[in-house]
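Below, each chain spelled out in residue letters.
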Amino acid sequence: HITPEKFYVEACDDGADDVLAIDRVSTEVTLTVKKDVPPSAVTRPIYGILGTIRLVAGTYLIVITKKKKVGEIFSHAIWKATDFDILSYKKTMLHLTDIQLQDNKVFLSMLSHVLSVDGFYFSTTYDLTHTLQRLANTSPEFQEMSLLERADPRFVWNGHLLREFAAQPEIHRFATPVMHGFITMHSCSINGKCFDWLLVSRRSCFRAGVRYYVRGIDSEGHAANFVETEQIVHYKGSKASFVQTRGSIPFFWSQRPNLKYKPKPQISKSVNHMDGFQRHFDSQIISYGKQMIVNLVNQKGSEKPLEQTFAKMVNSMANGMVRYVAFDFHKECSRMRWDRLQILMDQLAEQQDEFSYFLVDSDGKIVTEQEGIFRSNCMDCLDRTNVIQSLLARRSLQAQLQRLGVLHVGQRIEEQADFEKIYKNAWADNANACAKQYAGTGALKTDYTTGKRTQWGLIMDGWNSLIRYYKNNFSDGFRQDAIDLFLGNYSVDEVEPASPLHVKKDWKFLALPIIMVVAFSMCIICLLMAG
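Residues numbered from 1 in each chain as written. Predicted model: local features only at pLDDT ≥ 70, side-chain atom pairs only at ≥ 80, totals over all residues. Heavy atoms only, no water.

## What to know about the pairing of strand S8 (residues 179–190)
Note on strand geometry: in a regular strand, side chains alternate between the two faces of the sheet.
Line of reasoning, step 1. For S8, the buried fraction is high: nine of the twelve residues fall into the buried class.
Line of reasoning, step 2. Across two bridges, the pairing between strand S7 (residues 120–122) and S8 is antiparallel. Within S8, the position partnered with Tyr121 by the bridge is Met179.
Line of reasoning, step 3. Alignment of S8 against strand S9 (residues 193–203), held across ten bridges, turns out to be antiparallel. (Buried < 20%, exposed > 50% of the residue type's maximum accessible area, 1.4 Å probe, protein only. Helix = DSSP H or I, 4+ residues; strand = E, 2+ residues; numbered from the N terminus. Pairing = 2+ DSSP bridges.)

See the structure below:
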């Protein structure tokens with residue numbers, strides 16, 4: 001409910017009388033009741049509060065205005081947020097200069113850009129940010145916490161926007177933690193036995209960004225393009241889950257766009273790589289247990305130094321919990337020899353059996369736990385990584401479905417045509433979602449994930465590569481700034497004297513356009529007056 005003085009957010013659950021009152025002048029947030037909402041207020045439905053942010057014109061409230069049901073996890077509804085609104089606390093913009101107005105418009109367009117990227121999910125009753133195994137190993141106190149308090153901060157994309165809500169526990173239930181990534185759910189049947197199959201990818205908001213601007217790790221050990229992917233099976237009350245991660249090569253390197261098709265990666269020479277590297281794996285081991293690194297980059301050309309440095313650092317870290325396998329994906333699978341991926345799968349089989357998967361029976365008793373994780377990477381952690389993750393997940397699923405009694409002994413998933421089609425399409429959709437969020441276009445090599453490598457797939461890869469080239473060189477700077485603003489890595493200072501959006505350009509910037517205009521004019525004159 002909107003009035004000139006306040007926003008009133010009314011809870012619509014059965015029997016709820018709570019109303020959140022947000023003062024548009026003092027920005028104070030308090031709890032009140034329905035009868036305090038003035039009848040003159042302009043009323044509209046919303047599906048959640050994303051949070052608040054300060055821009056040049058003052059504070060803004062971001063709300064979810066449209067949602068689409070994805071499905072249910074253990075009878076909890078899961079929603080995708082499909083549209084948002086950014087509401088200004090200030091009723092007028094008369095207090096701003098023209099430059100400030102312009103800047104405010106740019107910052108608003110940045111927020112709109114981030115919100116327009118597909119893949120924001122939420123639930124008001126289920127904690128989407130944790131794996132089944134993490135949720136099973138929690139205390140009764142944890143179960144009592146609000147979703148905002150208990151959520152894994154790595155995967156709450158509106159954590160910065162909700163910081164003022166987080167400071168007031170009594171209003172936590174009005175705050176909706178939102179995850180960014182991909183979720184798909186399917187009711188499947190094999191041998192007449194029905195089960196639910198889910199795929200959930202959670203994108204980390206630490207060191208988030210776009211392809212060439214964010215590579216490697218930061219000083220805290222957070223890796224770029226870090227995504228946790230969980231595959232869940234639910235059959236007759238039993239639940240099984242297999243978790244994998246992907247993330248940029250975890251030391252300090254960069255690959256800034258420079259108009260070349262593939263800029264040369266630069267490994268930083270001025271920093272101590274081991275500190276960040278160690279921090280990264282310490283936190284990974286705490287979260288997931290043993291680590292099996294699967295490095296898929298080229299072992300020749302510009303990617304070679306990255307592979308060599310990664311291998312050397314794992315050796316010098318000498319941690320028994322971290323193992324390393326390098327597999328030159330492009331060399332091994334060149335000329336469409338996709339059968340050669342079996343070499344890598346055979347190499348990882350023993351390790352995968354040792355790591356196992358998480359399984360809880362219908363009585364809620366934990367049968368097995370996943371004791372380690374595959375951390376896959378290529379350069380972007382998109383196309384090659386996705387192919388390998390889908391193969392590892394299928395192998396785990398084969399073991400889970402046999403143990404649950406869905407598959408008979410000797411039966412293989414690949415032979416179940418209907419399920420195999422669902423499986424491959426879901427993994428290709430996951431690849432596309434992760435690629436759009438990081439590189440700006442759909443994934444490459446998805447024709448392999450959905451079936452087999454084809455000539456048409458090669459043509460589509462070429463087209464996507466061209467679009468990636470354009471976006472990475474000419475529009476990703478804006479995308480990166482937008483993400484940094486949304487996540488709070490950059491804060492707008494209302495009293496900042498110099499705008500960061502206006503760079504003084506001297507005569508050098510005008511020289512080239514003037515020369516081009518003169519040259520073009522002379523060319524036209526010569527053509528028209530050739531005689």
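After that view, the rundown keeps rolling.
## Focus: the packing of aromatic side chains
Line of reasoning, step 1. Applying the stated criterion across every chain, the model contains 18 aromatic pairs.
Line of reasoning, step 2. With a centroid separation of 5.4 Å and an interplanar angle of 45 degrees, the aromatic rings of Trp197 and Tyr423 are classed as tilted. Residue Trp197 is found in strand S9, and its partner Tyr423 is found in helix H11 (residues 417–438); the two are separated by 226 residues along the sequence.
Line of reasoning, step 3. The class for Trp197 is buried, based on a relative accessible area of 0%.
Line of reasoning, step 4. Ring plane angle 70 degrees and centroid distance 5.8 Å describe the contact between Phe329 and Trp338, whose orientation is recorded as edge-to-face. Exposure class is identical for Phe329 and Trp338. Each is buried. (Phe/Tyr/Trp six-rings, centres within 6.5 Å; stacked < 30°, edge-to-face > 60°.)

## Some details on a positive patch on the surface
Line of reasoning, step 1. Together, Lys300, Lys331, Arg335 and Arg337 give the surface a local cluster of positive charge.
Line of reasoning, step 2. As for its placement among the helices and strands, Lys331 is situated in helix H8 (residues 329–332). (Patch = residues over 30% accessible without salt bridge, like charges linked within 9 Å, V, L, I, M, F, W, Y side chains within 5 Å. Areas by Shrake-Rupley, 256 points an atom, 1.4 Å probe, with all protein chains shown as cover. Salt bridge = Lys/Arg side-chain N within 4 Å of Asp/Glu carboxyl O. Lys, Arg positive; Asp, Glu negative; His and termini not counted. Charge placed at Lys NZ, Arg CZ, Asp CG, Glu CD.)

## Here we look at helix H1 (residues 98–116)
Line of reasoning, step 1. Taking 1.5 Å per residue, 19 residues should reach 27 Å; H1 reaches 27 Å between its end C-alpha atoms and fits that length.
Line of reasoning, step 2. Contacts made by the buried residues of H1 are with strand S4 (48–55), strand S5 (58–73), strand S6 (76–88), S7 and helix H14 (476–487). (Expected span 1.5 Å × (residues − 1). Contact = heavy atoms within 4.5 Å.)

## What to know about the UniProt feature "transmembrane region" (unreviewed entry) in the chain
Line of reasoning, step 1. Residues given the UniProt feature "transmembrane region" (unreviewed entry) here are residues 509–530.
Line of reasoning, step 2. A distance of 33 Å separates the end C-alpha atoms of residues 509–530, which is 91% helix and 0% strand. (UniProt positions renumbered as here; feature names shortened; annotations may be inferred.)

## Re the pairing of strand S14 (residues 290–295)
Line of reasoning, step 1. The buried fraction of S14 amounts to five of the six residues, a majority that puts the element mostly inside the structure.
Line of reasoning, step 2. For S14 and strand S18 (residues 372–377), the ladder comprises six bridges, and the chain directions are parallel. Note that in S18 the partner of Gln291 across the bridge is Ile373.
Line of reasoning, step 3. Taken together, the five bridges between S14 and strand S15 (residues 322–326) define a ladder with parallel strand orientation. By the bridge assignment for S15, Gln291 is matched with Val322.
Line of reasoning, step 4. A crossover links S14 with its parallel partner S15, the connecting element being helix H7 (residues 304–317), and its sense is right-handed. (Right-handed = clockwise from strand over helix to strand, strands pointing away.)

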